[in-house]
Amino acid sequence: MSETNIFKVLADSQRRDILIMLKDGRLNAGEISEKLQITPAALSYHLKLLKSADLITEYKEKNFIYYEINTSVFQDLILWINQFGGKK
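All of the points below concern the structure found in this document. Just so it is clear, the structure is predicted and the values come from calculations on it, not from any experiment. (Residues numbered from 1 in each chain as written. Predicted model: local features only at pLDDT ≥ 70, side-chain atom pairs only at ≥ 80, totals over all residues. Heavy atoms only, no water.)

## As for the packing of aromatic side chains
Formally: Aromatic pairs are defined between Phe, Tyr and Trp rings, using the six-membered ring for Trp, whenever the two ring centres lie within 6.5 Å; interplanar angles under 30 degrees are classed as stacked, those over 60 as edge-to-face, and all others as tilted. Runs of H or I in DSSP of at least four residues are treated as helices and runs of E of at least two as strands, each being numbered from the N terminus. Only protein chains enter the accessibility calculation, which uses a 1.4 Å probe. A residue is then buried if its area is under 20% of the maximum for its type, exposed if over 50%, and partly exposed in between. Look at NZ for Lys and CZ for Arg. If either is within 6 Å of the ring centre and within 35 degrees of the ring normal, a charge sits over the ring.
Inspection of every chain in the model, using the stated rule, returns four aromatic pairs. Geometrically, the ring pair formed by F7 and W80 is tilted, given 5.9 Å between the ring centres and 50° between the ring planes. Of this pair, F7 sits in helix α1 (residues 6-10) while W80 sits in helix α5 (residues 71-82), and the two are 73 residues apart along the sequence. A relative accessible area of 44% means that F7 is categorised as partly exposed. Their ring planes at 50° and their centres at 6.2 Å tell us that F64 and Y66 sit as a pair that is tilted. One cation-aromatic arrangement involves R26 over Y66; the distance from NZ or CZ to the ring centre is 4.1 Å.

Nothing here speaks to function; it is all geometry.
Quick look at the structure:
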């Protein structure tokens, strides 16, 4: 996992909303901004934090930057959390 505190990043509801949107497939910043009804500056801040925690990846295609969820980080997080499960 990244040095960025994943739990702090996930604490914000708008960032969780972005991740939920991205689980269905890639989106560009305009599409995300429109669905969340937030300013481009606010979206840029949220995307920066999500990228710093490696929760999303970005790539450029023609004139657009697309964002996708990074499922490998979530798989690592689930494995880490599961170690605290109770034994029966």
